[in-house]
Amino acid sequence: MQLPNLNMHVTSFLTCGRDPGVMTDEQAHAAMQLHLDCTVDCCMVRRRARTTLVESGKCVLDERALPL
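(A) The arrangement of the overall build of the protein chain in detail. Each helix and strand counted, the protein chain has three helices and zero strands in total. Counting every position in the protein chain, which comprises 68 residues, the buried fraction comes to 28%. Surface summary for the protein chain: the accessible area is close to 5,000 Å², and the carbon and sulfur share equals 53%.

Laid out in structure tokens, this is it:
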């Protein structure tokens, strides 16, 4: 997979246990693809990416994914 020019250090996307910080929608989409096998429960990158996409309206969570 090729990463688009994300204007962000790629290393911040590689470590699951480290929050990459604020992301653009494009960065969040790339992060979701890179961490496809991760869950939001254990991967901070995927969690941040999902949050970014949900907040921008690009992703709508199923009611099973919403906190109780």
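(B) A look at helix 3 (residues 44-55). With twelve residues, helix 3 ought to run about 16 Å at 1.5 Å a step, and its terminal C-alpha atoms sit 16 Å apart, in line with that. Those residues of helix 3 that sit buried are V45, R46, A49, T52 and L53. Buried residues of helix 3 fall within an arc of 125 degrees about the axis and therefore sit on the same side. Positive backbone phi, at 80 degrees, marks G57, one or two positions downstream of helix 3.

(C) Spotlight on the confidence of the model for the protein chain. When pLDDT is averaged along the protein chain, the result is 85; 81% of the residues meet or exceed 70. By mean pLDDT, helix 1 (residues 11-14) is the weakest element of the protein chain at 78, and helix 3 is the strongest at 96.

(D) Just the packing of helix 2 (residues 25-34) against helix 3, in detail. At a minimum axis separation of 8 Å, helix 2 and helix 3 run at an interaxial angle of 135 degrees. Taken together, helix 2 and helix 3 sit at an angle that is classed as oblique. The interaxial crossing formed by helix 2 with helix 3 has left-handed handedness. Seen from helix 2, the contacting residues are D25, A28, H29, A31 and M32; seen from helix 3, they are V45, R46, A49, R50, T52 and L53. Of the residues contributing to the contact of helix 2 with helix 3, the split by class is six nonpolar, two polar and three charged.

(E) How the structure looks around the pattern of salt bridges. Using the criterion set out here, one finds two salt bridges in the structure. We note a salt bridge from R48 to D19, for which the minimum N-O separation is 2.7 Å. In this pair, R48 sits in helix 3 while D19 sits in the loop between helix 1 and helix 2, placing the two residues 29 residues apart along the sequence. Taking relative accessible area as the criterion, R48 reaches 28% and is therefore assigned partly exposed. Judged by relative accessible area, which is 36%, D19 ranks as partly exposed.

Rules behind the numbers
- Residues numbered from 1 in each chain as written.
- Predicted model: local features only at pLDDT ≥ 70, side-chain atom pairs only at ≥ 80, totals over all residues.
- Heavy atoms only, no water.
- Helix = DSSP H or I, 4+ residues; strand = E, 2+ residues; numbered from the N terminus.
- Buried < 20%, exposed > 50% of the residue type's maximum accessible area, 1.4 Å probe, protein only.
- Areas by Shrake-Rupley, 256 points an atom, 1.4 Å probe, with all protein chains shown as cover.
- Expected span 1.5 Å × (residues − 1).
- Arc of directions from axis to C-beta.
- pLDDT = per-residue confidence, 0-100.
- Axes fitted to C-alpha atoms, helices over the stretch in contact; angles between N-to-C directions.
- Parallel < 35°, antiparallel > 145°, perpendicular 65-115°, else oblique.
- Left-handed = near helix turned anticlockwise from the far one by under 90°.
- Contact = heavy atoms within 4.5 Å.
- Nonpolar A, V, L, I, M, F, W, Y, C, P; charged D, E, K, R; others polar.
- Salt bridge = Lys/Arg side-chain N within 4 Å of Asp/Glu carboxyl O.

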